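Coordinate analysis (summary)
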Amino acid sequence: MTSNRPTLLLVHGAWHQPAVWDRLRAELDVRGYQSRAVDLPTSGPDARGGMQDDAAAVRKEIAAIGGPVVVVAHSYGGIPVSEAATGLSEVEHLVYLTAYQLDRGESMFSFHGVPDPVETDVLIPITGDPRTAFYGDLSDADADTAISQLVDQRLRACVDRVTEPAWRSIPSTYIVCTDDQAIPEPLQEKMADRATSVRRLESSHSPFLSRPVELAALLDEIVTARG
């Protein structure tokens, strides 16, 4: 491993937990990368807090790494990453994997044109069919396993707004997942316009499960070309 190779910090999306990255982390390990996965407090069997609590968890992990970091955010995870990484010199690059790359004053709800609910200190249900939305290119057995591992998600995380997004000061790459049914490609492209560079992957919403080898190779390319 080269001395200047960054650690990859992986940030999961809503309703998920850090173990969702395990397949990808195994492939990154083969390629000589160290990686860590953040445990976001708003998602889990004891879900609590809001987006700022998730951002604090991301900042804590960045500080614990103590060296150069490339942050890879998936889906909702892009929101606390944009909030957390601003002003952190350790963060060399941001990767938004079919993730919410939001601007100042935006929340997940506002980006979709959804009004803020009156009550936010509640759990948010998974809408629609998670098999189709999240795991369209997994085998039935793998999709059933992934669905069984989904956890509670706090609603407040989806309405809290970004203050100063890190991607305005840190180079970023957006990975568009072309078969994603959770965040359709046109919405991804809208956010990808904010990134420094854009890459594409023929996958559904969760390539770390369905295409970990290809995703690891793509992340290696992005890290090698970062700047």
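All residue numbers here refer to positions counted from 1 along the written sequence of the relevant chain. At least 70 in pLDDT is required for a residue's local features to be given in this predicted model, at least 80 for side-chain atom pairs to be given and counted, and no such filter applies to totals for whole chains, interfaces and linings, which use all residues. Where side-chain values are given, they derive from all heavy atoms of the structure, hydrogens and water being excluded.

Topic: the pattern of salt bridges
Let me state the cut-off plainly: For salt bridges, the criterion is a side-chain nitrogen of Lys or Arg within 4 Å of an Asp or Glu carboxyl oxygen. Here a strand is any run of E in DSSP of at least two residues, a helix any run of H or I of at least four, and the numbering for each starts at the N terminus. Throughout, exposure labels follow a simple rule: accessible area from a 1.4 Å probe, protein chains only, divided by the maximum for the residue type, with under 20% read as buried, over 50% as exposed, and the rest as partly exposed.
Under the defined criterion, the tally for this structure stands at 15 salt bridges. For R156, the salt bridge is made with D121, and the minimal N-O distance between the two is 3.4 Å. Of this pair, R156 sits in helix α7 (residues 156-159) while D121 sits in the loop between α4 (108-111) and α5 (130-134), placing them 35 residues apart in sequence. D121 gets classed as partly exposed once you look at its relative accessible area, which sits at 42%. Through salt bridges with shared partners, one network takes in D53, D121, R154, R156 and D160.

Some thoughts on helix α2 (residues 51-65)
For clarity, the cut-off: How far a helix is expected to stretch is found by multiplying one less than its residue total by 1.5 Å. When we speak of the arc, we mean the arc of directions from the helix axis to the C-beta atoms. Every residue pair with non-hydrogen atoms within 4.5 Å of one another is taken to be in contact.
Along its 15 residues, α2 runs 22 Å from first to last C-alpha, staying within 8% of the 21 Å computed at 1.5 Å per residue. Inspection of α2 places M51, D54, A55, A57, V58, E61, I62 and I65 among the buried residues, and these make up the whole buried set. Angular distribution of buried residues about the axis of α2 spans 155°; they occupy a single face of the element. Turned more than 90 degrees off the buried face of α2, the exposed positions are K60 and A63. Buried positions along α2 lie against β1 (7-11), β2 (35-38), β3 (69-74), α3 (78-84), β4 (91-97) and α7.

Section: the sheet that holds strand β6 (residues 197-201)
Hydrogen bonding along the main chain pairs the strands of a sheet, whether they run parallel or antiparallel. Our working rule: One bridge is not enough; two strands pair if DSSP finds at least two bridges between them. Interaxial angle, 0 to 180 degrees, is taken between N-to-C directions of lines fitted to C-alpha atoms, where a helix line uses only the stretch in contact.
An order of β2-β1-β3-β4-β5-β6 is seen for the six strands of this open sheet, with the pairing classed as parallel. Both outer strands of the open sheet, β2 and β6, are each paired with one neighbouring strand and no more. For this sheet the average axis-to-axis angle between neighbouring strands, irrespective of direction, equals 20°. Relative to β2, β1 is paired through four bridges, and the arrangement is parallel. Directly across from L9, in β2, lies its bridge partner R36.

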